[in-house]
Amino acid sequence: MPDTPLSLLNRIFGYPAFRGEQAAIVDTVVAGGDALVLMPTGGGKSLCFQIPALLRDGCAVVVSPLIALMQDQVAALKELGIAAEFLNSSQEGATAAQVEREFVSGQLKLLYVAPERLLTPRFQSLLEQARVSLFAIDEAHCVSQWGHDFRPEYLGLSALHERFPAVPRIALTATADTATRAEILTRLDLGAARVFVASFDRPNIRYRIAEKSDPRRQLLDFLDEHKGEAGIIYCSTRKKVEETADGLKQAGFTALPYHGGMDNDTRRRHQEKFLREDGVVMVATLAFGMGIDKPDVRFVAHLDLPRSVEGYYQETGRAGRDGEPAEAWMAWGLQDVVTQRRFIDEGEAEDAHKRIGHAKLDALVGLCEAASCRRVALLSYFGEASQPCGNCDVCLNPPTLWDGTEAAQKLLSTVYRTGQRFGAGHVIDVLLGKTTEKIERFGHGQLSVFGIGAGQTDKVWRAVLRQLVVRGLLEVDHTTYGALKLTAAARPVLKGEETVMLRAIAAASSRRKSRLAPSSGAGVHDDEDPLFLALRTWRRETANEKGVPAYVILHDATLREIAARRPATLAELGEISGLGTKKLEAYGEAVLGVVAEG
Ligand code: ADP
Ligand code: ZN
């Protein structure tokens, strides 16, 4: 019987069914049509070109900008018994020559290449000699000049279509916005392509956004719920990366730093360790993550505010690619906003760009302050309507609102009476009626507002202040060291014409072990299950012997299903998702052995 997309999915990949639009995309490309695929991270883009590559005559050429990613994808394909190779600068000449020969003589089904290599005269001549089944352009948003991942070589990829008009092309990206989408279509000359837009929801990711109070403690509390799991912690500066990684090591975590100031060797070593070993926590600047397709990252934490909702979504999207429950946690504070505003204003960009920078930051701060479902807010930012999710901090633990009109008036008056020349710290000291050197020097103890806020704590005042800034009643002037100033929007509040509802600061109860099952997704894990742990140990040893990341052998989800179902025969084992023929053959007996002992 000839193979069909579904039979290959079952037999080679060991998965029972296609997800979402995968089947339609595969059909389009198998039939020789072009496609543009917009799917979130973890959505399952790779299968969309891997299965057509297996079904069509010749070899698929996959353009991928990231060497590390290429190697892992090729390793994973080889594990499935698929003839796949890559060509990139990390190889020796002899190895590359061998791969080129196999490509031209038709022995390969998939060949991964970096864009700069693809456009060389040498490779172009190989393309003429070989039989190419399709071109897959991964991370297609790299063609967009406005995006942050622009790669000039991607612009040259439109030439592929001119030279090989009969070869279908499939471009894939996880970047959703309409401007980037339009740019991909024109720049890659994909006008006739079918466009597939998947939902950008990542239901297995739980979003949690907290106000910074004691960030160190908050982080440890968060990590307490993620012991032994792999995760990424983002910090804005190299120094903070180093300090955080050190602190976590002392607290007993396997934590590694990663930032642009480290030498290449150490960075590579850390990345490898993160990819290959279980339960490593990577503490990194934003330099880390692009092209990390480790499926079992269980959490992404932000210790500082990212620059935009897009950035936040991309970074948090690195969690839970395998569809298993994962968490995105962020701690943010007013200082983050002030620092970023200064950063934008002091930058070299033109005014129009600065305005965009501020608007993007506003949107993100809006998300942080949201008193309704985070996911609804996130998805609507990307133009998708949805219902409250039941799997974010707001849904699980709705914030209480209180009438903060009087508090707002007190705070605004204090800013006004002290001359709109002071930052948050001093203003709050005056409200609380403290006697500091600064208060004495400026005679602020004599003001009518001195001590009018003594009924509330410092923490409450900070939360009030932050919300007034975020809502535009106060602005922080960073040209004068963060002096607070009233805006026109403060007037009606001061005059009692407008009420101000504020979010109460989250009580420490957010610490409560709230590891509820997400409303959709795989449910709660019992990671203490000794059989699961034994399978993980077996997998680690096997992966080490082969020199590949653990997930290339079998995914966590597959190990969990094995642990839960305890198959006794190869036939029973074969029913589990994620075990194709080749893997059954290679590991079936060993896995059954672990199950029998466990
Ligand atoms: P993307 O490139 O879109 O981020 P991947 O192609 O890496 O996502 O797929 C994410 C994960 O989902 C992988 O572990 C992959 O094996 C798995 N996956 C993809 N399609 C299916 C499917 N139809 N059934 C089960 N698992 C799938
Ligand atoms: Zn929600």
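Because the structure is predicted, anything quoted here is derived from the model rather than measured.

> So, the overall build of the protein: which residues are in play, and what are the values?
A count of helical and extended segments in the protein gives 28 helices and 17 strands. Its C-alpha atoms give the protein a radius of gyration of 27 Å, near enough to 25 Å, the size a compact globule of 598 residues would have. On the principal axes, the C-alpha backbone points of the protein span a range of 90 × 60 × 45 Å. Each of the 598 residues in the protein was classed as buried or not, and the buried ones make up 51%. Nonlocal contacts in the protein, meaning residues at least 24 apart in sequence, comprise 71% of its contacts between residues at least 6 apart. When the accessible area of the protein is evaluated, it comes to approximately 26400 Å², of which 51% is carbon and sulfur surface. Taken as two groups, the 71 positive and 77 negative side-chain charges of the protein have centres that lie 3 Å from each other.

> Explain the sheet that holds strand β12 (residues 299–302) to me, using residue names and the numbers behind them.
Spatially, the six strands line up as an open sheet ordered β8-β13-β12-β9-β11-β10, and their pairing is parallel. The open sheet has two edge strands, β8 (205–211) and β10 (255–258), and neither has a second partner. The mean angle between the axes of side-by-side strands here comes to 15°, regardless of whether they run parallel or antiparallel. Sheet topology note: the β8/strand β13 (residues 326–332) ladder contains seven bridges and is parallel. Its bridge partner lying in β13, Ile-205 is registered against Ala-326. Sheet strands touched by helix α16 (residues 351–369): β8 and β13. Its angle to β13, the strand with the most contacts, is close to 105°.

> So what's going on with the coordination of the zinc ion (ligand 2)? Residues and values would help.
For the zinc ion (ligand 2), the full set of protein donor atoms is Cys-373 (SG), Cys-389 (SG), Cys-392 (SG) and Cys-395 (SG), at a range of 2.3 to 2.4 Å. The sequence pattern formed by the donor residues of the zinc ion (ligand 2) is C-x15-C-x2-C-x2-C. The buried category is assigned to Cys-392, whose relative accessible area is 0%.

> Describe in detail the packing of helix α14 (residues 309–316) against α16, supporting the description with residues and values.
Packing of α14 against α16 leaves a shortest axis separation of 8 Å and a crossing angle of 60°. Relative to α16, α14 is oriented oblique. Contacts between α14 and α16 pair Val-309, Glu-310 and Tyr-312 from the former with Lys-360, Ala-363, Leu-364 and Leu-367 from the latter. Class assignment for the residues of the contact of α14 with α16 results in five nonpolar, no polar and two charged.

> Describe the packing of helix α24 (residues 530–546) against helix α26 (residues 556–565), and please don't skip the residues or the numbers.
It is at 9 Å that the axes of α24 and α26 come closest, and there the two elements cross at 135°. Classed by the angle they form, the pair α24 and α26 counts as oblique. Judged by the twist between their axes, the crossing of α24 over α26 is right-handed. Between α24 and α26, the contacting residues are Leu-531, Phe-532, Leu-535, Arg-536 and Arg-539 on the first element and Asp-556, Leu-559, Arg-560, Ile-562 and Ala-563 on the second. Along the lines of polarity and charge, the residues of the contact of α24 with α26 split into six nonpolar, no polar and four charged.

> Before we move on, can you summarise the site of ligand 1 with the specific residues and values?
Close to ligand 1 lie 15 residues; Tyr-15, Gly-42, Ser-46, Arg-321 and His-555 are nearest. Within the side chain of Ser-46, a nitrogen or oxygen atom sits 2.6 Å from an oxygen atom of ligand 1. Here Arg-321 contributes a side-chain N or O atom positioned 2.5 Å from an oxygen atom of ligand 1. Its free accessible area being 560 Å², ligand 1 has 85% of it covered by the protein chains. Here the residues of the shell around ligand 1 sort into five nonpolar, seven polar and three charged.

> I'd like a description of the environment of Gly-42, backed by residues and values.
Counting through the fold element by element, Gly-42 comes out in the loop between β1 (35–38) and α3 (46–55). Given a relative accessible area of 21%, Gly-42 falls into the partly exposed group. Spatially, the C-alpha atoms of Gly-42 and Pro-325 are 13 Å apart, while their sequence positions differ by 283 residues. In this structure Gly-42 touches Arg-19 and Arg-321, once residues within four positions along its chain are discounted.

> Could you give me a rundown of the domain arrangement of the protein, with the residues and numbers involved?
We note that the domain assignment places domain 1 (5–197), domain 2 (205–396), domain 3 (401–503) and domain 4 (526–597) within the protein. Put simply, the middle of domain 1 and the middle of domain 2, counted by C-alpha atoms, are 29 Å apart. Counting from both sides, the interface comprises twelve residues of domain 1 and, opposite them, twelve residues of domain 2. Summed over both sides, the interface between domain 1 and domain 2 buries roughly 1100 Å², with carbon and sulfur atoms accounting for 57% of that surface. Considering only the surface of domain 1 that becomes buried against domain 2, Thr-41, Leu-69 and Asp-72 emerge as the three largest contributors, covering 35% of it. Between the two partners, domain 1 and domain 2, sit one salt bridge. A salt bridge links Asp-72 to Arg-276, with the nearest nitrogen and oxygen atoms 4.0 Å apart.

> Talk me through α26; I want residue IDs and the actual numbers.
What α26 keeps buried is the set Asp-556, Thr-558, Leu-559, Arg-560, Ile-562 and Ala-563. On its buried side, α26 packs onto α24, α27 (570–574) and α28 (581–597). Directly beyond the C-terminal end of α26, a positive phi value near 45° is found at Arg-566.

> Give me the lowdown on the packing of aromatic side chains, citing residues and values where you can.
Taken as a whole and assessed by the stated rule, the structure comprises eleven aromatic pairs. Relative to Phe-299, the ring of Phe-222 lies with its centre 5.6 Å away and its plane at 85°, an arrangement referred to as edge-to-face. Of this pair, Phe-222 sits in helix α11 (residues 215–224) while Phe-299 sits in strand β12, placing them 77 residues apart in sequence. Assigned by exposure class, Phe-222 and Phe-299 land together as buried. Site record: aromatic cluster; members linked through ring pairs are Phe-222, Phe-299 and Trp-329.

The rules behind the values
- Residues numbered from 1 in each chain as written.
- Chains lettered and ligands numbered in written order.
- Predicted model: local features only at pLDDT ≥ 70, side-chain atom pairs only at ≥ 80, totals over all residues.
- Heavy atoms only, no water.
- Helix = DSSP H or I, 4+ residues; strand = E, 2+ residues; numbered from the N terminus.
- Rg over C-alpha atoms; globule rule 2.2 N^0.38 Å.
- Buried < 20%, exposed > 50% of the residue type's maximum accessible area, 1.4 Å probe, protein only.
- Contact = heavy atoms within 4.5 Å.
- Areas by Shrake-Rupley, 256 points an atom, 1.4 Å probe, with all protein chains shown as cover.
- Lys, Arg positive; Asp, Glu negative; His and termini not counted.
- Charge placed at Lys NZ, Arg CZ, Asp CG, Glu CD.
- Pairing = 2+ DSSP bridges.
- Axes fitted to C-alpha atoms, helices over the stretch in contact; angles between N-to-C directions.
- Donors = N, O, S within 2.8 Å, 3.2 Å for Na, K, Ca; no water.
- Parallel < 35°, antiparallel > 145°, perpendicular 65-115°, else oblique.
- Nonpolar A, V, L, I, M, F, W, Y, C, P; charged D, E, K, R; others polar.
- Left-handed = near helix turned anticlockwise from the far one by under 90°.
- Near = heavy atom within 4 Å.
- Polar contact = N/O pair within 3.5 Å; in protein donor to acceptor, adjacent residues only side chain to side chain.
- Domains from an automatic or database assignment.
- Buried area = accessible area lost by both parts, 1.4 Å probe.
- Salt bridge = Lys/Arg side-chain N within 4 Å of Asp/Glu carboxyl O.
- Phe/Tyr/Trp six-rings, centres within 6.5 Å; stacked < 30°, edge-to-face > 60°.

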